[in-house]
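Per-entry structural report
Now for the letters of each chain:
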Amino acid sequence: PEVEAALAEAARAPNAPAAAQAALALGSQPAAGAVPVLLPLLAHKDWQVRRSAARSLARHKPKEALAPLAAALQVEKGRVRAELIAALGPAICCA
């Protein structure tokens, strides 16, 4: 719980590289509290944070992330878009 809390705090930090790394770290843990931290990061101003959030959500595969991931897919380009497609892959092909 302490590590998860520290990562959640770092993910919300104004330092984009630190937030991106924290988002990736949250994705590597099975903690249920990671998803509510990751979802708002899909709208972060920095593309690397958004990409990290999408990658981590792909690992967790929470149902509540489908709509935010799909919404982000409508506006994203490049590397972030690729992560969103990967995260949504099963939902897109098999829905």
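Preceding block: the structure.
The paragraphs below set out a description of the structure included in this document. (Residues numbered from 1 in each chain as written. Predicted model: local features only at pLDDT ≥ 70, side-chain atom pairs only at ≥ 80, totals over all residues. Heavy atoms only, no water.)

**Here's the deal with the nonpolar core**
One finds L26, L38, L41, L42, L57, L69 and L84 to be the most contacted residues of the largest nonpolar core, which totals 28 residues. Of the residues forming this core, the biggest block, six residues, is contributed by helix α2 (residues 16–27). With residues near it in sequence (within four places) discarded, L69 still touches L42, A54, L57, L84, A87 and L88. (Core = buried A, V, L, I, M, F, W, Y, C linked by side-chain atoms within 4.5 Å. Buried < 20%, exposed > 50% of the residue type's maximum accessible area, 1.4 Å probe, protein only. Helix = DSSP H or I, 4+ residues; strand = E, 2+ residues; numbered from the N terminus. Contact = heavy atoms within 4.5 Å.)

**Observations regarding the environment of A6**
Mapped onto the secondary structure, A6 falls in helix α1 (residues 2–11). Taking C-alpha positions, A6 is 8.8 Å from A22, a pair spaced 16 residues apart along the chain.

**Let's talk about the packing of helix α3 (residues 34–41) against helix α4 (residues 47–60)**
Taken N-terminus to C-terminus, the directions of α3 and α4 make an angle of 145 degrees; their axes are 8 Å apart at the nearest point. The element α3 and its partner α4 pack so that their crossing is left-handed. Across the interface between the two elements, A34, V35, L38, L39 and L41 from α3 touch V49, R50, A53, S56, L57 and H60 from α4. Grouping the constituent residues of the contact of α3 with α4 by class yields eight nonpolar, two polar and one charged. (Axes fitted to C-alpha atoms, helices over the stretch in contact; angles between N-to-C directions. Left-handed = near helix turned anticlockwise from the far one by under 90°. Nonpolar A, V, L, I, M, F, W, Y, C, P; charged D, E, K, R; others polar.)

**Side note on the pattern of salt bridges**
Summed over the entire model, instances satisfying the criterion amount to two salt bridges. Between R50 and E76 there is a salt bridge, with its nearest N and O atoms 2.4 Å apart. Remark: E76 occurs in the loop between α5 (66–73) and α6 (78–94) and R50 occurs in helix α4; sequence separation between them is 26 residues. As far as burial versus exposure is concerned, R50 and E76 are alike and both buried. We note a salt bridge from R55 to E83, for which the minimum N-O separation is 2.6 Å. (Salt bridge = Lys/Arg side-chain N within 4 Å of Asp/Glu carboxyl O.)

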